[in-house]
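Survey of secondary and tertiary structure
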2 protein chains.
Amino acid sequence: MVGQLPKYLTGDPAAINEFIDQFDIFLFDCDGVLWSGDHLFPGTVETLELLRSRGKKIVFVTNNSTKSRADYQKKLTSLGIPSTVDEIFASAYSSAIYISRILRLPAPKNKVFVLGENGIETELKSEGIEFIGGTDPAYRRDITPEDYKGLADGSLLDENIGVVLAGLDFHINYLKYSHAYQYLARGAKFLATNIDSTLPSNHTFFPGAGSISIPLIHMTKQQPIALGKPSQAMMDAIEGKFQFDRKKACMVGDRLDTDIRFGIEGKLGGTLAVLTGVSRKEDWEAEGASVRPAYYVEKLSDLKG
Amino acid sequence: MVGQLPKYLTGDPAAINEFIDQFDIFLFDCDGVLWSGDHLFPGTVETLELLRSRGKKIVFVTNNSTKSRADYQKKLTSLGIPSTVDEIFASAYSSAIYISRILRLPAPKNKVFVLGENGIETELKSEGIEFIGGTDPAYRRDITPEDYKGLADGSLLDENIGVVLAGLDFHINYLKYSHAYQYLARGAKFLATNIDSTLPSNHTFFPGAGSISIPLIHMTKQQPIALGKPSQAMMDAIEGKFQFDRKKACMVGDRLDTDIRFGIEGKLGGTLAVLTGVSRKEDWEAEGASVRPAYYVEKLSDLKG
C-alpha cells in the first residue's frame, strides 16, 4: 500500500490541470475538506463548480451515520454548497443498501435491531427494511429486574432479528447494549455504520460510532462488518450505484487512515489529501508510513488556481 | 506461568487435609464458587466454617464494583453466609484504597470523575476522596448543544479532576462519556475498578465494567490501571490491609483468566479451582493452556469431605 511520496499540486497550474483531466468522478470526504464544523472553507463552492463545469461527477461520501441523505443535503445547503440528494453517500445509506441488496437475509428473520439515530431509520425505511430499537422511546430508560429476566429467557426479544446495526447513538444506554448483546449472542449478524472512534466537533472530540459498537465487540469477540470508510463494502455500494471506472475516480480527503486508505484499497485511479483537517504532511512523510496519498494540496481551493 | 497439571482433591481426605494445612489465609472469589446468581451452593457455609475452625483467615474478593463492602456484606448475609465487613475486598474499595494510599495525587487536582454506581461513591467517601459524576442526576440526561460547547472550551469541566475512575455504570450515557473523555484528554489518570467485559446474571451475560471503560480506551488509546482481579494492584492492596505471607495464602476461584491468574501472578502459595462456574477442566488440560491452578475440586464443599 505504501507508494512514493505524493505530488504537491498547490501553485502548479499545469500539474493541477493534468491532475483534473485524469478523472471522471471525484469522491469527497466533507468535514475537514469542504468545511470544518460549521465553517465553510473559502473557495469550496467555486472549486466544486469548476469540477462540475469540466464535466466531473461529484459524490459526497460521509461516515456520518446520524443523518439520512436528505438530512445531509440540508446541511450542505445550509453551508451554501449546491448539491442533490443523489450526490450524497452516507454510512446510514450504505448500511441500508448493504442489508437490502447484498446481505439479503431471507424473511422473516431479517429484521434489524438498531443502535442509532433517525438517519439510520430513514434509510432503512427507504430500502423497505423492518427494524426495532433506534429512536424508540421504549428503549430510552433504565434497565429493570424484569429486563434481566426477559432478556435472559428471550421473552423480551424479537425472534425475527437477523441483524444488529450499530451507528452513532447519542442516546446509548445499558438497556440497549443488553438487547444488542442478546441478539448477537443468538446469532444475529453484526454490522456497524462506521467505526470511527471519535466524532470531531467544536475543535475537540466526542464519542464516535466506533465507540458505540466497541463494547459489543469486547463482549462478543466478534468484529462487525463496517459500512463506512475505509470499508470496501462502502466503495462497492458507491460503485454499484454510480457505475464508474475506478481508474477514472479520485478520492479526496483529510484523513490518511480513513479517506486515503479508502481510495487506495478501492484501487481508485487517484487519491488527493488536503491539509485542512486531521492528517499532516509529516504523517505520510514519516518512515514506515503505511498510507500515502498520490497527490496533496494545502487546501481544496488550491485546485482552482 | 504454566505449571504441571493440577492435583485433584475431591474424594481424597488425606490430600485435602494436607492442602488446608499449608495455608493461613484463603482468598475467595464469590459468584461461581460460593453461589451462582441467587443460588447458594450446598455446603458453602459449612466449608467456610471448617476453614475458620482450623484457624484460617477468610477474605471475600470480588470484582463487583457497584457495591460497597457494607452492601456486599448484606448480600452475603442474605445468602446465609456469615461474614464481617472487614473480610470483604471489592473492586470499588480496592480503587478507593489505590487512589488515597498509592496514587496520592497532590491537592487540589486530586478529585475523581466517576463512571459508576453508589458502591464506588461510598468507598471513595470512606477514604475521604472528593468526586463528581457517579449517581449525580445532573449527568443522567441527553447531551445538549451547550454541553458540546462547554466541554470543548472547558467551562463545564472541573479543573481539579485528576482521576477518571470507570466502574460498572447501569446509567452510562453519551454525556458521561463526553465528560470522561475530556478529563482524560486533559491529562487525568485513567483507572478502572475492573475490566471484565461481561457481567454474568440470570445464566447469561450483560455488559460488565470493562464494557463501560472500553469506549474511552478506544478514544484515547490509553489503557486504564485496573484495580480488580487479575490486576496485582488489587493483590497489593489486599496484602497491605491483611498483612500475610503470600506463600501461606491460597486463591480460590472458578475463572482461570481472572481468579487463578490473580493468584499465580501474585505468587501465592496456592491456587484452587472449582468447577461450579465459568472454567472447565478442559481449559487447563488443553495443550498451550496459559494458566493452570495448583489444585482443583468439583465443588468447594468437597473440601469438607
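Analysis parameters
- Residues numbered from 1 in each chain as written.
- Chains lettered and ligands numbered in written order.
- Predicted model: local features only at pLDDT ≥ 70, side-chain atom pairs only at ≥ 80, totals over all residues.
- Heavy atoms only, no water.
- Helix = DSSP H or I, 4+ residues; strand = E, 2+ residues; numbered from the N terminus.
- Rg over C-alpha atoms; globule rule 2.2 N^0.38 Å.
- Buried < 20%, exposed > 50% of the residue type's maximum accessible area, 1.4 Å probe, protein only.
- Contact = heavy atoms within 4.5 Å.
- Areas by Shrake-Rupley, 256 points an atom, 1.4 Å probe, with all protein chains shown as cover.
- Lys, Arg positive; Asp, Glu negative; His and termini not counted.
- Charge placed at Lys NZ, Arg CZ, Asp CG, Glu CD.
- Polar contact = N/O pair within 3.5 Å; in protein donor to acceptor, adjacent residues only side chain to side chain.
- UniProt positions renumbered as here; feature names shortened; annotations may be inferred.
- Least-squares fit on C-alpha atoms with pLDDT ≥ 70 in both.
- Salt bridge = Lys/Arg side-chain N within 4 Å of Asp/Glu carboxyl O.

Scanning chain A from terminus to terminus reveals 11 helices and 16 strands. For 305 residues, the compact-globule estimate of 2.2 N^0.38 gives 19 Å, and the C-alpha radius of gyration of chain A, at 20 Å, lies within 12% of that figure. Over its C-alpha atoms, taken along the principal directions, chain A stretches across nearly 70 × 40 × 30 Å. Burial statistics for chain A: of 305 residues in total, 59% are counted as buried. Of the contacts made within chain A by residues no fewer than 6 positions apart, 70% connect residues no fewer than 24 positions apart. When the accessible surface of chain A is totalled, it reaches about 12,100 Å², and 50% of it is carbon and sulfur. Side-chain charges in chain A split into 34 positive and 39 negative, and the spacing between the mean points of these groups amounts to 3 Å.

Further remarks concern the side chain of R246 of chain B. Residue and element names in this part refer to chain B. Here R246 lies in the loop between helix 9 (232-242) and strand 14 (249-253). In terms of polar contacts, R246 uses its side chain to reach the backbone carbonyl oxygen of G266, at 3.0 Å. Not counting residues within four places of it along the chain, the set of residues in contact with R246 comprises Q232, M235, D236, E239, G266, K267, L268 and G269.

So, about the UniProt feature "binding site: substrate" (unreviewed entry) in chain A. All names here are of chain A. On the UniProt side, "binding site: substrate" (unreviewed entry) is annotated at positions that read K229 here. Looking at the secondary structure, you find K229 in the loop between strand 13 (225-226) and helix 9 (232-242). Beyond its immediate chain neighbours, meaning those up to four positions away, K229 contacts D29, V61, T62, N63, M234, M251, T258, D259 and F262. Side-chain polar atoms of K229 contact the side chain of D29, separated by 2.6 Å.

This next bit is on the UniProt feature "binding site: Mg(2+)" (unreviewed entry) in chain A. All names here are of chain A. In the numbering used here, UniProt assigns the "binding site: Mg(2+)" (unreviewed entry) feature to D29, D31 and D254. Their sequence span is 226 residues, while the largest C-alpha to C-alpha distance among them is just 8.4 Å; these annotated residues converge on one region. Setting aside residues no more than four positions away along its own chain, D31 makes contact with S36, G37 and D254. A polar side-chain atom of D31 sits 3.2 Å from the main-chain amide nitrogen of G37. By the element assignment, D254 lies in the loop between strand 14 (249-253) and helix 10 (256-265). Judged by relative accessible area, D254 falls into the buried class, the value being 5%. Those residues in contact with D254 that sit more than four places away from it in its chain are D29, D31, G32, V33, D259, V274, G277, V278 and S279. A polar contact of 2.9 Å, which involves the side chain of D254, links it to the backbone nitrogen of V278.

Next up on the list: the side chain of T204 of chain B. Topologically, T204 of chain B is positioned in strand 12 (residues 204-207). By relative accessible area, which is 12% here, T204 of chain B ends up buried.

All right, on to the relation of the copies chain A and chain B then. Least-squares fitting of chain A to chain B yields an RMSD of 0.1 Å, with the superposition described by an axial translation of 0.0 Å and a rotation of 180°. With respect to symmetry, the two chain copies, as superposed, fit the operation of a two-fold axis. Among all residues of chain A, the minimum C-alpha distance to the rotation axis is found for N173 of chain A, at 2.7 Å. Of the residues that chain A buries at the interface, 100% are likewise interface residues in chain B, meaning the two copies contact each other through the same surface.

Once that is clear, we can look at the pattern of salt bridges. On inspection of all chains with the given rule, the structure shows 34 salt bridges over all chains. Among the ionic pairs, R246 of chain A bridges to E239 of chain A, the shortest N-O distance being 2.9 Å. Accessibility expressed as a relative area gives 16% for R246 of chain A, which makes it buried. The exposure class of E239 of chain A is partly exposed, given its relative accessible area of 27%. A salt bridge links E127 of chain B to R101 of chain B; the nearest nitrogen and oxygen atoms lie 2.9 Å apart. One end of the pair, E127 of chain B, is in the loop between helix 5 (118-126) and strand 8 (131-133); the other, R101 of chain B, is in helix 4 (residues 91-103), and 26 residues separate them in sequence. Several salt bridges converge on common partners, so that one network encompasses D29, K229 and D259 of chain A.

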